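# Chain and residue survey
Residue-level listing of the chains:
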Amino acid sequence: MTVTRIADPYRDLAVIDSRAPRFNQAVIGAIALLAVATGWWWLLAALAANLAAGLLFGRRFCLTCVAYFAFVQPLLGEGPLEDSRPPRVANMIGFVFLAAAAANYGLGAPTTGAVVGSIVAALALVAAVTGFCTGCEAYKLGCRLTGRPFVSCPIPGARA
């Protein structure tokens, strides 16, 4: 199947298909919930590593991103494009929380690890279901408070 895209998911890094972060949040939320429910804290560490790889090396190295762009987007088509900075900041925050949750489990504080992991699971699943991303909103608020310009989502002029 041939996919017509306005933005190349691996080269046009200023924008992202608005469905990609929602897919990422659904996967992160579901796996984090599984990790907390089972005590498999290594899953939290794996999720943190996945986010870190994407943040450090690009979407091509983020397994959830690759899964979306290789399998889901060809079925649904490219969604509306949005500024990629808010989801990137949300991924940074998610990485910190997931790493903290895994570290707490690993250091013998499973209750703290479970609480932090549950926060990630809850916020990621809320974002996946409703589209309200706490990390994205924190980025936008930071822009307003510091006077930095922010282009609202979706990108004006991009296909909706």
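So, here's what we can say about the structure.

What counts as what
- Residues numbered from 1 in each chain as written.
- Predicted model: local features only at pLDDT ≥ 70, side-chain atom pairs only at ≥ 80, totals over all residues.
- Heavy atoms only, no water.
- Helix = DSSP H or I, 4+ residues; strand = E, 2+ residues; numbered from the N terminus.
- Expected span 1.5 Å × (residues − 1).
- Buried < 20%, exposed > 50% of the residue type's maximum accessible area, 1.4 Å probe, protein only.
- Arc of directions from axis to C-beta.
- Contact = heavy atoms within 4.5 Å.
- Core = buried A, V, L, I, M, F, W, Y, C linked by side-chain atoms within 4.5 Å.

### Re helix α6 (residues 134–146)
What sets the pattern is the α-helix's 3.6 residues per turn: residues three or four places apart point alike. The terminal C-alpha atoms of α6 lie 18 Å apart, and with 13 residues this matches the ideal 18 Å at 1.5 Å per residue to within 8%. Those residues of α6 that sit buried are Gly135, Cys136, Tyr139, Lys140 and Cys143. Considered in projection along α6, the buried side chains sweep an arc of 145° and stay on one side of the axis. For α6, exposure combined with an orientation more than 90 degrees from the buried face picks out Arg144 and Leu145. Summarising the contacts, the buried residues of α6 are in contact with α4 (85–106). Glycine 147 occupies a position one or two residues after α6 and carries a positive phi of about 75°.

### Notes on the nonpolar core
Within the largest apolar cluster, 17 residues are counted, with the highest numbers of intra-cluster contacts made by Ile28, Ala32, Leu44, Leu47, Leu98 and Val120. Looking at this core, the elements with two or more residues in it are α1 (19–38), α2 (41–57), α4 and α5 (110–130). For isoleucine 28, the contacting residues outside a window of four places in its chain are Leu47, Leu51, Leu98, Val120 and Ala124. One finds Ile16, Cys62, Tyr68 and Phe69 within the second-largest nonpolar core, a separate group that totals six residues.

Everything listed here is a matter of geometry and, on its own, says nothing about what the molecule does.
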